[in-house]
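# A structural walkthrough
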Amino acid sequence: MNESRLVSLQDVTVRFEDVTALHDVNLAIKSGSSTALIGPNGGGKTTLLKVIAGLAKPSRGNVRYYDLKHSEIGYVPQENAVDWRFPVSALDVVLMGRYPALGLVRWLGSEDRKVGMAMLSEVGLERLAQHPVGSLSGGQKQRVAIARALAGEPRLLLLDEPTSGADVEAKDNFYTLISRLKQELSLTILIASHDLGVVPKFVDDVACVAGGVHLHTCPSEVWDEEHFQRLYGTQMEAVLHGKVPHRMVQEHHKPQSNPRRSTGDPESSHTNNTVRNDAIRLSKKTNEKSGKKSQKRKP
Amino acid sequence: MFESAFMIRALLGGVMVSFLLSLLGFFVVLRKMSFIGVGIAHAAFGGVALGQLVGVPVLISATLFSVATGLGIGAVTRKGKIKEDTAIGIFFAAGMALGVIFLALKPGYSADLVSYLFGSILAITPVDLWVILGVSLVILVLILLFFKELLASSFDAELARASGIPEAGMFYLLLALVSVGIVISIKIVGIVLVSALLVLPAATALQWSRRWFFVLVLSLFFGLLYTVGGLIISYWLDFPSGATIVILGTVVFTCSLLASPLRYTAIFSK
Ligand SMILES: Nc1ncnc2c1ncn2[C@@H]1O[C@H](COP(=O)(O)OP(=O)(O)O)[C@@H](O)[C@H]1O
Ligand SMILES: [Mg+2]
């Protein structure tokens, strides 16, 4: 019954000194799903990803991992406050993704190098493998970070605003890449993003994070930019729940034949409900992808 | 010059110490913790004075003092309550102040203490050499065992932690090793100057390469160059050895900085 879930959050509250970043969040991440986290700046997207990655401790509530080891979570941070003059090549950085699985004391072998190079070519950077990582462009560094996460052979990939600063075409390419990787490596993906025009086309679910988590189903018609703007206004900041008149789903409608297209009236297919337990209920419904877990992974 | 036994001992000790400090300095500089060496070394002064006061071997009391200081600075800054430079400034002064008090409590004049402050190659005994060798080997083995974790934690601590590398453990391990490394080096280079030998080799090496392996090898090379070169120059010119080593290093570093194709200026800015 739970085998389709990877992670679930129960009543997770995260408080920093005087702000509550997340309040009573309930969310289940299903194996094989892809979920976009959207929401205003400061809404708690990063905090939510950090909680799942084990980098932030909930002040209250708990996070459960279902047969998912820490090393099977790949985390790609929003921006790392890293000194890019650090003397490592792109491949060195990717190989760091192998360290945890390798364990202490043991050194990298040729197998690790093969995996590292394979992941670099997955993101199209094999030719820059030996370049100092600091000499790469912003988008390339981002892809190195993804290759690093992939090198740890994760089952769950957490991406925090991976395309901020990229132009529309680059964003589209990026999400196409992520979709391909998801298929090839049977990943489960959670992606925080501001790309309202792009990201909904590539994910199954959209969750709005503004202190709490609100889950939407996401047929592409609903989430095309025009519709979205009609619904929410042009400002991202307008996506605050409570004020906007949008309606609710109780169920996760997903026709088996074509999961990306909705048959119903788009207006009626998303929710205003703060899906406290819906998120978990939804996870029990959609488990057709859970079989992928056992699939052989590409090296 | 090689006829004199003390000079040979100084060179042997200098080679080992520079190798050790360059290796540790590689991580210290990459982590931009260069200032911590100053704090640890000066805190060791309290340990040296305490050892002389109560008659405990100075090596033991100084090691206790500097390891406690190194880990203390690390813990205080990691908890995020105090900034690293503030913590270093406080620990540094407290260690020195304790040393001054211990010194005042001890009857008579401690000529020996001055040699700890500025280093004295004349004071190196064969026993010192064996201690330096033994401790260096232990530190070398530990660094080799945890090299990749130390590297990944130095590059991006949060990402290291996210992927399950014991990043906090690596941080404290490095601080402990640096503290011990500094203690066994102060007899040769002195408390006041030891941190220069920790920082200068890696800072120079970073001017010449963006590959960690070459940076590491170059750090060891520059460390050796400064120490051996400095000792030889000080012998011929009859200059104080520690100071000569540091000045040589500073000159080579400055030239490297000016000539560098890379200009690794990150060492100046946090
Ligand atoms: N380490 C921290 N210390 C204090 N407040 C924090 C910290 N991290 C995040 N916050 C606060 O928590 C809230 C959520 O932040 P964040 O998760 O980064 O939002 P988002 O990623 O959606 O922009 C913000 O109000 C932010 O200021
Ligand atoms: Mg964020």
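Thresholds applied
- Residues numbered from 1 in each chain as written.
- Chains lettered and ligands numbered in written order.
- Predicted model: local features only at pLDDT ≥ 70, side-chain atom pairs only at ≥ 80, totals over all residues.
- Heavy atoms only, no water.
- Helix = DSSP H or I, 4+ residues; strand = E, 2+ residues; numbered from the N terminus.
- Buried < 20%, exposed > 50% of the residue type's maximum accessible area, 1.4 Å probe, protein only.
- Contact = heavy atoms within 4.5 Å.
- Areas by Shrake-Rupley, 256 points an atom, 1.4 Å probe, with all protein chains shown as cover.
- Phe/Tyr/Trp six-rings, centres within 6.5 Å; stacked < 30°, edge-to-face > 60°.
- Lys NZ or Arg CZ within 6 Å of the ring centre and 35° of its normal.
- Near = heavy atom within 4 Å.
- Polar contact = N/O pair within 3.5 Å; in protein donor to acceptor, adjacent residues only side chain to side chain.
- Nonpolar A, V, L, I, M, F, W, Y, C, P; charged D, E, K, R; others polar.
- Donors = N, O, S within 2.8 Å, 3.2 Å for Na, K, Ca; no water.
- Core = buried A, V, L, I, M, F, W, Y, C linked by side-chain atoms within 4.5 Å.
- Pairing = 2+ DSSP bridges.
- Axes fitted to C-alpha atoms, helices over the stretch in contact; angles between N-to-C directions.
- Salt bridge = Lys/Arg side-chain N within 4 Å of Asp/Glu carboxyl O.
- pLDDT = per-residue confidence, 0-100.

## With respect to the overall build of chain B
Helix and strand counts for chain B come out as 12 helices and 0 strands. Listing each helix as α and each strand as β along chain B from the N terminus yields α-α-α-α-α-α-α-α-α-α-α-α. Put simply, chain B has 270 residues, and 55% of those count as buried. Pairs at least 24 apart in sequence give 76% of the contacts found in chain B among residues at least 6 apart. Split by element, the accessible area of chain B, about 11000 Å² in all, is 77% carbon and sulfur.

## Comments concerning the packing of aromatic side chains
Within the structure shown, the criterion is met by 17 aromatic pairs over all chains. Here Trp84 of chain A and Phe155 of chain B contribute two aromatic rings whose centre-to-centre distance is 6.1 Å and whose plane-to-plane angle is 70 degrees, an arrangement assigned as edge-to-face. Here Trp84 of chain A is found in the loop between strand E5 (73-76) and helix H2 (90-96), whereas its partner Phe155 of chain B is found in helix H7 (residues 147-155) on a different chain. Both rings, one in Tyr175 of chain A and one in Phe202 of chain A, keep their centres 5.7 Å apart while their planes meet at 25 degrees; by these two values the pair is stacked. Highlighted residues: Tyr175 of chain A in helix H6 (residues 168-184) and Phe202 of chain A in the loop between strand E7 (188-192) and strand E8 (205-209), separated in sequence by 27 residues. Taken individually, Tyr175 of chain A and Phe202 of chain A each receive the classification buried, so the pair is uniform in this respect. For the cation-ring pair, Lys148 of chain B lies above Tyr99 of chain A, with the distance from its terminal atom to the ring centre recorded as 5.9 Å.

## Some points on the site of ligand 1
All names here are of chain A. All residues in the neighbourhood of ligand 1 are listed as Phe16, Val19, Ala21, Pro40, Asn41, Gly42, Gly43, Gly44, Lys45, Thr46 and Thr47. Contacts to ligand 1 include Gly43, whose backbone N or O atom sits 3.2 Å from an oxygen atom. Between an oxygen atom of ligand 1 and a main-chain N or O atom of Lys45, the distance comes to 2.8 Å. Taking 560 Å² as the accessible area of ligand 1 by itself, protein coverage stands at 60%. Looking at the shell around ligand 1 residue by residue, the class counts come to 4 nonpolar, 6 polar and 1 charged.

## Quick word on the coordination of the magnesium ion (ligand 2)
Distances from the magnesium ion (ligand 2) to its protein donors, Thr46 of chain A (OG1) and Gln78 of chain A (OE1), fall within 1.9 to 2.4 Å. Of this pair, Thr46 of chain A sits in helix H1 (residues 45-53) while Gln78 of chain A sits in the loop between E5 and H2, placing them 32 residues apart in sequence.

## Looking at the nonpolar core
One recurring pattern in soluble globular proteins: nonpolar side chains tend to sit buried together. Counting 129 residues, the largest nonpolar core has Val88 and Ile146 of chain A together with Leu24, Phe26, Ile143 and Leu151 of chain B as the members making the most contacts within it. Here the element with the most residues in this core is helix H1 (residues 5-30) of chain B; it accounts for 14 residues. Residues contacting Phe26 of chain B, with those up to four places away along its chain left out, are Phe147, Leu151, Ala202, Trp212, Val215, Leu216 and Ser219 of chain B. Core analysis: the next-biggest nonpolar cluster, separate from the first, contains 29 residues, Val25, Tyr75, Leu190 and Ala192 of chain A among them.

## Notes on the sheet that holds strand E1 (residues 5-15) of chain A
Residue and element names in this part refer to chain A. Read across the sheet, 3 strands follow the order E2-E1-E4 without closing on themselves; strand pairing throughout is antiparallel. Edge positions in the open sheet fall to strand E2 (20-30) and strand E4 (60-65), since each of these has one partner strand only. Each neighbouring strand pair of the sheet contributes to a mean axis angle of 10 degrees, computed without reference to strand direction.

## A look at the pattern of salt bridges
Counting across every chain of the model gives 16 salt bridges over all chains. Between Lys45 of chain A and Glu161 of chain A there is a salt bridge, with its nearest N and O atoms 3.8 Å apart. Highlighted residues: Lys45 of chain A in helix H1 and Glu161 of chain A in the loop between strand E6 (156-160) and H6, separated in sequence by 116 residues. Judged by relative accessible area, which is 3%, Lys45 of chain A ranks as buried. For Asp128 of chain B, the salt bridge is made with Lys187 of chain B, and the minimal N-O distance between the two is 2.8 Å. You can see Asp128 of chain B sitting in helix H6 (residues 126-145) and its partner Lys187 of chain B sitting in helix H9 (residues 167-189), a full 59 residues away along the chain.

## Details of the interface of chain B and chain A
The interface of chain B with chain A comprises 30 residues on the first partner and 29 residues on the second. The interface formed by chain B and chain A contains 2 salt bridges. In this structure, Lys50 of chain A and Glu158 of chain B form a salt bridge, with 3.1 Å as the shortest nitrogen-oxygen distance. Seen at the junction of chain B and chain A, the total is 9 residue pairs in polar contact (both at pLDDT 80 or more). Among the secondary structure elements, those contributing two or more residues to the side of chain B that touches chain A are H7, helix H8 (157-162) and helix H11 (212-237) of chain B. Among the elements that make up the side of chain B that touches chain A, the one with the highest residue count is H7 of chain B (7 residues). A breakdown of the residues in the side of chain B that touches chain A according to their chemical character gives 17 nonpolar, 5 polar and 8 charged.

## Notes on the environment of Ala87 of chain B
Residue and element names in this part refer to chain B. Among the secondary structure elements, Ala87 is positioned in helix H4 (residues 84-105). With relative accessibility at 2%, the residue Ala87 sits in the buried group. In the structure, Ala87 is positioned 51 residues away from Ile36 in sequence and 9.5 Å away in space, judged by C-alpha atoms. Excluding residues within four positions of it along the chain, Ala87 makes contact with Ile73, Val76, Thr77 and Ile82.

## What about unusual backbone geometry?
Residue and element names in this part refer to chain A. Of note in the backbone geometry, Asp24 takes a positive phi value of approximately 45 degrees without being a glycine. Note on placement: Asp24 falls in strand E2. Positioned with a positive phi, Asp67 is a non-glycine residue whose angle comes to about 55 degrees. Turning to its location among the elements, Asp67 is positioned in the loop between E4 and E5. The class of Asp67 is exposed, set by a relative accessible area of 64%.

## Side note on the environment of Leu37 of chain A
Residues and elements named next belong to chain A. By secondary structure assignment, the location of Leu37 is in strand E3 (residues 34-38). A relative accessible area of 0% places Leu37 in the buried class. Leu37 sits 45 residues away from Val82 along the chain, and the two C-alpha atoms are 25 Å apart. Contacts of Leu37, omitting those with residues within four sequence positions, involve Lys45, Leu48, Leu49, Leu190, Ile191, Ala192, Ser193, Ala207 and Val209.

## A word on the confidence of the model for chain A
Residue and element names in this part refer to chain A. In the predicted model, chain A carries a mean pLDDT of 74, and 69% of its residues have values of at least 70. Averaged pLDDT values over the elements of chain A bottom out at 32 in helix H9 (residues 278-285) and peak at 96 in H2. Within the model, pLDDT remains below 50 along residues 230-299, and this stretch shows 142 contacts once partners closer than five positions in the same chain are excluded.

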